[in-house]
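# Topology and contacts: notes
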Amino acid sequence: MAERLYLFDTTLRDGAQTQGVDFSVEDKRTIAAALDRLGIDYIEGGWPGANPTDSAFFGAPQGLKRGRMVAFGMTKRPGRSAANDPGLAQVLDSHSDAACLVGKTWDFHVDVALGISREENRDLIGESIAAVKARKGEAMFDAEHFFDGYKANPDYALECLAAAYEAGARWLVLCDTNGGSMPHEVAEITAVAVARFGGDRIGIHAHNDTENAVANSLAAVKAGARQVQGTINGLGERCGNANMIALIPSLILKPPFRDALTTGISADQLAHLTSVSRLLDELLNRAPNRHAAYVGENAFAHKGGLHVSAVEKDPRTYEHVPPETVGNARKILVSDQAGRSNVIARFRELDIHLDPKDPRINRLLDEVKEREATGYAYDGAEASFELLARRALGQVPDYFQVERYRALVERRYNARGQLTTVSEAVVKCIVDGETILSAGEGNGPVNALDNALRQDLGRYSGYLKGLRLVDFKVRILNGGTEAVTRVLVESADEAGARWFTVGVSPNIVEASFDALMDSIVWKLYRAGAPPGRVGQTARLAGA
Ligand SMILES: CC(=O)SCCNC(=O)CCNC(=O)[C@H](O)C(C)(C)COP(=O)(O)OP(=O)(O)OC[C@H]1O[C@@H](n2cnc3c(N)ncnc32)[C@H](O)[C@@H]1OP(=O)(O)O
Ligand SMILES: CC(=O)C(=O)O
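The structure displayed is predicted, hence computed values, not measured ones.

## Topic: the site of ligand 2
- Around ligand 2, the neighbouring residues are Asp14, Val102, Asp142, Glu144, Cys175, Thr177, His205 and His207.
- When grouped by side-chain class, the residues that make up the shell around ligand 2 number 2 nonpolar, 3 polar and 3 charged.

Below is the structure:
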């Protein structure tokens, strides 16, 4: 019979201790609801009383459907009773199903950080946990620095755990607070706590300062701990906490955990893992980590020709789990590392159906390799690859032509005598046989060109309304006078689509303009815009 493993998420508490992260109450509610839907057992929402956001969040019920909301706090201040500690009172008074108190278990910390006797620290742990148990029903003890404490003075570290246990703590959570412990140490020390208090009372809270937080958490679970704490995308103080997004699928899909344990997350819920990870990035306005285990864009991306050839025969040849189990998707890249298999698989994804023996496949592959040798990189610019491929097959219409463009950067004193830099651009296009001359300004020449180009593209302007340039990366390839510039542009639209295009030229403005043009043409193609008409008149944009 499989044992129950409890998942405890602290994104909203320890995750909020990440530099640059500042959740609003609304963010907290959104994230809590997503964690609840995912099937997390305990959601630590913050520290009521520590700041107005957390107090507001805990000021009303959070509406969880199945998870338990946990309020975090610290053991009572020395020299006062638990009943007379205003900080603890705010934790006890909060709208929460349980409370988790952090307390000292490393004698060095008791001496230096608290400056009280070891007996007093032990007693205040017991008294504080008893107050939580009496008031909230479920009390947890975050044994701060437990592993360092155990290494320095095992008897005292265990004595502190015993104080919490005897006071009624449901969970004794062993914290690798400084994140410096190694998996073998975590395994050995956790086994001691499990033997003394029972695995169903022991949790693990690991920090990632040696990139071992996930490994340490798995080691603790293997040693018998039955609660595991972490954060979405590994947010957290300093180098972060154990990354729940990596831990959850490993605990559910990998032996021995898969066979020995059950969690509150069903197979259907697991398939939402990628979207939970992306939701957090979205709320934090961060680009998702492409290399993230399980959920990253690259986690199931295949680039090498040998890999793709085998994946086409059976994906298990180069995938440790099926991408759909975690809500991710397989991706086949085409680049100078590709073979015919990459092109054929990519065509299938693009709904292009060709006979595998069609000579155009080899011709396209050769063109990709030749272009990559001159600086293009199609594995990061899939929209440009799609245009290249579809153009080779005669599928991309001529929408409009750019007859010429000019961009100027002027640095001058303005009327108030301040030094300012102004960028202006003019683009002359032929749309449906009509010549349109548009001018634009911007914070740089490329921005000015973009503004000018999109100012008036006749009947195509409507298709481009929601287009935004999200990111712009410039890379200088080769050194010296031979240098060429590669520009990678990331674009997005109002429907949430994101696409990448590339331009290469010795001139940075030309490389940028080419990438920009690919972005626009790809959008028109995807939107089903009709081909341009022939004819000729001239007008100025806006006339
Ligand atoms: C390992 C962890 O991640 S634990 C969580 C850490 N998270 C945070 O600290 C974020 C929220 N914290 C805060 O907003 C503030 O620190 C507060 C409101 C909790 C306290 O603020 P202040 O009262 O100004 O105290 P300050 O933060 O400067 O110092 C902490 C005090 O708590 C004491 N303390 C620390 N841990 C404990 C504990 N487990 N039990 C009792 N007292 C403790 C310290 O000795 C120090 O006391 P002192 O002021 O007498 O020196
Ligand atoms: C409690 C906690 O966050 C820690 O000890 O790391």
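Picking up after the structure, the text goes on.
## Side note on the sheet that holds strand β6 (residues 139–144)
- Spatially, 8 strands are ordered β2-β3-β4-β5-β6-β7-β8-β9 in a closed barrel, and the strand pairing comes out parallel. Neighbour-to-neighbour, the strand axes of this sheet turn through a mean angle of 25°, independent of strand direction.
- One ladder, built from 4 bridges, connects strand β3 (residues 42–46) with strand β4 (residues 68–74); its direction is parallel. Each bridged residue has a counterpart across the sheet, and for tyrosine 42 the counterpart in β4 is arginine 68.
- Where helix α5 (residues 118–136) meets the sheet, its contacts fall on β5 (98–104) and β6, and the angle it forms with β5 comes to roughly 180°.

## Considering the domain arrangement of the protein chain
- Domain assignment breaks the protein chain into domain 1 (6–284), domain 2 (301–373) and domain 3 (400–540).
- Contact residues are listed per partner, giving 8 residues for domain 1 and 6 residues for domain 2.
- Those elements that place two or more of their residues in the side of domain 1 that touches domain 2 are α10 (244–253) and α13 (273–284).
- Class assignment of the residues belonging to the side of domain 1 that touches domain 2 gives a composition of 5 nonpolar, 3 polar and no charged.

## Some thoughts on the site of ligand 1
- Taken together, 16 residues lie near ligand 1, and Ala50, Met74, Thr75, Val102 and Gly103 sit nearest.
- Going through the elements one at a time, β5 and α4 (107–114) are the ones with two or more residues in the shell around ligand 1.
- Per-class residue counts for the shell around ligand 1 are 6 nonpolar, 5 polar and 5 charged.

## Looking at the packing of helix α17 (residues 382–392) against helix α19 (residues 508–526)
- Taken N-terminus to C-terminus, the directions of α17 and α19 make an angle of 70°; their axes are 9 Å apart at the nearest point. Classified by the angle between their axes, α17 and α19 sit roughly perpendicular to one another. The chirality of how α17 crosses α19 is left-handed. Contacts between α17 and α19 involve Ala383, Ser384, Glu386 and Leu387 from the former and Asp518, Ser519, Val521 and Trp522 from the latter.
- The residue inventory of the contact of α17 with α19, partitioned by class, reads 4 nonpolar, 2 polar and 2 charged.

## What to know about the UniProt feature "domain: Pyruvate carboxyltransferase" (unreviewed entry) in the protein chain
- What UniProt calls "domain: Pyruvate carboxyltransferase" (unreviewed entry) maps, in this numbering, to residues 5–271.
- Secondary structure over residues 5–271 splits into 44% helix and 17% strand, and the C-alpha atoms at its two ends are 19 Å apart.

## Remarks on the sheet that holds strand β17 (residues 484–492)
- Spatially, β16-β17-β18 is the arrangement adopted by the 3 strands of the open sheet, whose pairing is antiparallel. Lying at the two open borders of the sheet, with one neighbouring strand each, are β16 (468–477) and β18 (498–505). Across the sheet, the mean angle separating the axes of adjacent strands is 15° when strand polarity is ignored.
- Bridge count between β17 and β18: 8 bridges; the pairing is antiparallel. Bridging from a neighbouring strand, valine 489 pairs with threonine 501 of β18.

## As for the environment of leucine 218
- The topology assignment puts leucine 218 in helix α9 (residues 213–222).
- Accessibility expressed as a C-beta count within 10 Å gives 25 for leucine 218, which makes it buried.
- Between the C-alpha atom of leucine 218 and that of isoleucine 204, which follows or precedes it by 14 residues, the distance is 9.2 Å.

## Focus: the packing of helix α14 (residues 305–313) against helix α15 (residues 340–349)
- In the contact formed by α14 and α15, the axes pass within 7 Å of each other and the chain directions differ by 55°. Considering the angle they form, α14 stands oblique to α15. Relative to α15, the crossing made by α14 is left-handed. Residues Gly305, Val308, Ser309 and Glu312 of α14 pack against Ser341, Asn342 and Ala345 of α15.
- Classifying every residue of the contact of α14 with α15 gives 2 nonpolar, 4 polar and 1 charged.

## With respect to the nonpolar core
- With 93 residues, the main nonpolar core has Phe141, Ala164, Ala169, Leu172 and Leu174 as its most contacted residues.
- Setting aside chain neighbours within four positions, we find leucine 174 in contact with Ala143, Phe146, Phe147, Thr190, Ala193, Ile202, Gly203, Ile204, His205 and Ala220.
- If you look at the next biggest cluster of nonpolar residues, it comprises 51 residues, including Val334, Leu388, Phe400 and Val487.

## Some details on the pairing of strand β14 (residues 419–431)
- In this structure, strand β13 (residues 400–413) lies alongside β14, joined through 13 bridges in antiparallel fashion. Looking at β14, one finds that arginine 412 is bridged to threonine 420.
- Where β13 hands over to β14, the hairpin turn is made up of 5 residues, of which glycine 417 adopts a positive phi near 80°.
- In this structure, β14 lies alongside strand β15 (residues 434–442), joined through 9 bridges in antiparallel fashion. The residue of β15 that forms the bridge with lysine 428 is leucine 437.
- From the end of β14 to the start of β15, which pair antiparallel, there are 2 residues, and aspartate 432 there has a positive phi angle of about 50°.

Conventions and cut-offs
- Residues numbered from 1 in each chain as written.
- Chains lettered and ligands numbered in written order.
- Predicted model: local features only at pLDDT ≥ 70, side-chain atom pairs only at ≥ 80, totals over all residues.
- Near = placed C-beta within 6 Å.
- Nonpolar A, V, L, I, M, F, W, Y, C, P; charged D, E, K, R; others polar.
- Pairing = 2+ DSSP bridges.
- Helix = DSSP H or I, 4+ residues; strand = E, 2+ residues; numbered from the N terminus.
- Axes fitted to C-alpha atoms, helices over the stretch in contact; angles between N-to-C directions.
- Contact = placed C-beta atoms within 7 Å.
- Domains from an automatic or database assignment.
- Parallel < 35°, antiparallel > 145°, perpendicular 65-115°, else oblique.
- Left-handed = near helix turned anticlockwise from the far one by under 90°.
- UniProt positions renumbered as here; feature names shortened; annotations may be inferred.
- Buried ≥ 20, exposed ≤ 12 C-beta atoms within 10 Å, placed from the backbone.
- Core = buried A, V, L, I, M, F, W, Y, C linked by C-beta atoms within 7 Å.

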